[in-house]
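Here are the chains, one letter per residue:
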Number of protein chains: 2
Amino acid sequence: MRKVILGLAVSLDGFIEGPNGEYDWCFTDQDYGMSDFFKRIDSIFIGRKSYELALTMGDAAMPGFPRLTEYVFSNTLMEVKPGAILVNGDIEQKVKRIKSEPGKDIWLFGGADLTASLLNLNLIDEIGMAVHPVILGGGKSLFQDISKRIELKLVDTKSYSTGLVSLTYHLKQAV
Amino acid sequence: MRKVILGLAVSLDGFIEGPNGEYDWCFTDQDYGMSDFFKRIDSIFIGRKSYELALTMGDAAMPGFPRLTEYVFSNTLMEVKPGAILVNGDIEQKVKRIKSEPGKDIWLFGGADLTASLLNLNLIDEIGMAVHPVILGGGKSLFQDISKRIELKLVDTKSYSTGLVSLTYHLKQAV
């Protein structure tokens, strides 16, 4: 069964963007395990807002990204760009079907709405957080509208000389 | 110079209490470095709301706590319990004076308002977070109303078999 992995950079106060949408606090000086991570995945799950934002930035927004199949979650979009796959309607059923298809793991790339939906449906298998040594004081929170307590199992920690700490959890109740 | 240490248990989503004020997710099965921490300190800083909450719970709320000098921060209280010290007015000047007095380090015990005030005034020297392997989905956030970006220096990480990860940071700009 393919795993759905929520993987993101966060500040110590839990923001994935600064108050003005900044990402400048995210370290780019090292690989931080990303090469290994990219070997594990062949697809991404992305919400409509993040998808549309990425479209406006063009491919240049993600230099070095491998070719990934994009699953775009939206109940309002009628079509998505060539090669991408639109997911709407019964998310639970559709995600379970995608997870049961042959393939590598799937990177849940955001945003907050999709993350909350999938967490609340027990469809996320792993959470990887790159905790950066900074307090942003505001911005967009990684976790919003989670409707219940979710127990996690810590499976790995790694700290880097820059102060980044990588935390990996499995979700106990994931199907 | 005495250090002011913000030390707290948090959920992975950054809450220090659950949606209904719960603390039942906080591990109590091991020491988690608390004995060593208590050897470093002889005082606590506490905000009015936390102080009043602790008063209602009585001493039973903190079994095993060493005898600490309590500095209660409030501009509305006129007096505090015997042995405690009321701090009001010019917080910056008063905290700097307390830090320059002889003594051990000081535990900033909360709450969110006092934490934000002291962070914004660059008066916190160290942050120790015991990150618990749980997503609470709501509650009281550790960091609120921080007015600026604060760079941190990671100085220690420790992970425990229960999944608790202890992260220790120094504040780069602390005086």
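Going by the structure above, here's the rest.
These notes cover the structure that comes with them. A quick note: this is a predicted structure, and the numbers were derived from the prediction, not measured. (Residues numbered from 1 in each chain as written. Chains lettered and ligands numbered in written order. Predicted model: local features only at pLDDT ≥ 70, side-chain atom pairs only at ≥ 80, totals over all residues. Heavy atoms only, no water.)

Examining the sheet that holds strand β4 (residues 69–73) of chain A
Stated formally: When DSSP locates at least two bridges between a pair of strands, those strands are taken to pair. Put simply, DSSP marks the helices as runs of H or I at least four residues long and the strands as runs of E at least two long, and each gets a number from the N terminus on. Any two residues having at least one pair of non-hydrogen atoms within 4.5 Å are treated as being in contact. An axis is simply a line fitted to the C-alpha atoms; with a helix, the fit covers only the stretch in contact. Between two such axes, the angle follows the N-to-C directions and lies from 0 to 180 degrees.
Strand order across the open sheet formed by nine strands is β5(A)-β4(A)-β3(A)-β6(A)-β1(A)-β7(A)-β11(A)-β10(A)-β8(B), with mixed pairing between neighbours. Pairing within the sheet leaves two strands with one partner each, and these edge strands are β5 (85–87) of chain A together with β8 (134–135) of chain B. Across three bridges, strand β1 (residues 4–11) of chain A lies against strand β6 (residues 105–108) of chain A in parallel orientation. Of the residues in β6 of chain A, the one forming a bridge with L6 of chain A is L108 of chain A. Of the strands in this sheet, β3 (41–47) and β4 of chain A touch helix α2 (residues 48–57) of chain A, which is tilted by about 105° from β3 of chain A.

Overview of a nonpolar patch on the surface
Residue and element names in this part refer to chain A. Going by this rule: What makes a patch is a set of residues exposed beyond 30% relative accessible area and free of salt bridges, joined within 9 Å when like-charged and within 5 Å when nonpolar (Val, Leu, Ile, Met, Phe, Trp, Tyr). Accessible areas in this description were obtained via Shrake-Rupley with a 1.4 Å probe; residue shielding takes into account the shown protein chains only. Whenever Lys or Arg places a side-chain nitrogen within 4 Å of a carboxyl oxygen from Asp or Glu, that contact is recorded as a salt bridge. Buried, partly exposed and exposed residues are distinguished by accessible area as a fraction of the type maximum, computed with a 1.4 Å probe on protein chains only: under 20%, between the cut-offs, and over 50%, respectively.
On the surface, Y23, L53 and M57 cluster together to form a nonpolar patch covering roughly 300 Å² of accessible area. Along the chain, the position of Y23 falls in the loop between β2 (15–17) and α1 (34–40). What makes Y23 partly exposed here is its relative accessible area of 44%.

Examining the side chain of R2 of chain B
Residue and element names in this part refer to chain B. Note the threshold: Any N or O atom pair separated by 3.5 Å or less is treated as a polar contact, with the protein-specific requirement of one donor-capable and one acceptor-capable atom, and with residues adjacent in sequence counted only for side-chain atom pairs.
Positionally, R2 belongs in the segment before β1 (4–11). For R2, a relative accessible area of 4% puts it in the buried group. A polar side-chain atom of R2 sits 2.8 Å from a polar atom in the side chain of D42. Within the structure, the side chain of R2 is placed 2.6 Å from the backbone oxygen of K104, a separation counted as a polar contact. Excluding anything up to four places from it in sequence, R2 contacts D42, S43, Y71, I98, K99, E101, P102, G103, K104, D105, I106 and D125.

Looking at the pairing of strand β10 (residues 150–159) of chain A
Two strands pair when backbone bridges link them, and β10 of chain A and β8 of chain B are joined in this way by two bridges, in the antiparallel orientation. From the neighbouring strand, E151 of chain A faces β8 of chain B, where its bridge partner is V134 of chain B. With seven bridges connecting them, β10 of chain A and strand β11 (residues 165–171) of chain A associate as antiparallel partners. Looking at β11 of chain A, one finds that K153 of chain A is bridged to H170 of chain A. Linking β10 of chain A back to β11 of chain A in an antiparallel pair, the connection comprises five residues, with G163 of chain A at a positive phi of about 100°.

Description of the pattern of salt bridges
Scanning the model with the defined rule gives 24 salt bridges over all chains in all. Residue K140 of chain B pairs with E17 of chain B through a salt bridge whose shortest N-O separation is 3.4 Å. Taken together, the residues span a long stretch of sequence, with K140 of chain B in strand β9 (residues 140–141) and E17 of chain B in strand β2 (residues 15–17) at a distance of 123 residues. Salt bridges linked by common partners bring E22 and D24 of chain A together with R149 of chain B together as one network.

Some points on helix α2 (residues 48–57) of chain B
Residues and elements named next belong to chain B. The line we're drawing: Think of it as the arc spanned by the lines of direction from the helix axis to the C-beta atoms.
Among the residues of α2, S50, Y51 and A54 are the ones counted as buried. For α2, the angular spread of buried residues about the axis comes to 100°, placing them on one side. α2 presents K49 and T56 as exposed residues on the side facing more than 90 degrees away from its buried surface. On its buried face, α2 is in contact with β3 (41–47) and β4 (69–73).

Focus on the sheet that holds strand β8 (residues 134–135) of chain A
Taken together, the nine strands give an open sheet; going across it, the order is β8(A)-β10(B)-β11(B)-β7(B)-β1(B)-β6(B)-β3(B)-β4(B)-β5(B), and neighbouring strands pair in mixed fashion. Across the chains shown, the open sheet's two edge strands, defined by having one partner strand only, are β8 of chain A together with β5 (85–87) of chain B. Sheet topology places β3 of chain B next to β4 of chain B; five bridges connect them, and they run parallel. By the bridge assignment, I44 of chain B is partnered in β4 of chain B with E70 of chain B. The strands touched by α2 of chain B are β3 and β4 of chain B; relative to β3 of chain B, the strand with the most contacts, the crossing angle is about 105°. Helix α3 (residues 91–100) of chain B contacts β1, β3, β4, β5 and β6 (105–108) of chain B of the sheet and is inclined by roughly 170° relative to β4 of chain B.

Some thoughts on the nonpolar core
Convention followed: To form a nonpolar core, buried Ala, Val, Leu, Ile, Met, Phe, Trp, Tyr and Cys residues must be joined to one another through side-chain atoms within 4.5 Å.
Among the nonpolar cores identified, the biggest contains 70 residues, and F45 and I127 of chain A together with F45 and I127 of chain B are the most heavily contacted of them. In contact with F45 of chain B, not counting residues within four places along its chain, are V4, Y71, F73, V95, I98, I106, W107, L108, F109, G110, L114 and L118 of chain B. Membership of the second largest hydrophobic core comes to 13 residues, among which are I41, Y51, V72 and L77 of chain B.

Quick notes on the interface of chain A and chain B
We count it as follows: Accessible surface is computed with a 1.4 Å probe, and the buried area is the amount of it that two parts give up when combined, taken over both parts together.
With 28 residues of chain A at the interface, the matching set in chain B holds 28 residues. For the pairing of chain A and chain B, the buried interface totals around 2400 Å² over both sides, and the portion due to carbon and sulfur atoms is 66%. Considering only the surface of chain A that becomes buried against chain B, L12, I135 and R149 of chain A emerge as the three largest contributors, covering 30% of it. In this structure, D24 of chain A and R149 of chain B form a salt bridge, with 3.0 Å as the shortest nitrogen-oxygen distance. One can count six residue pairs in polar contact (both at pLDDT 80 or more) joining chain A with chain B.

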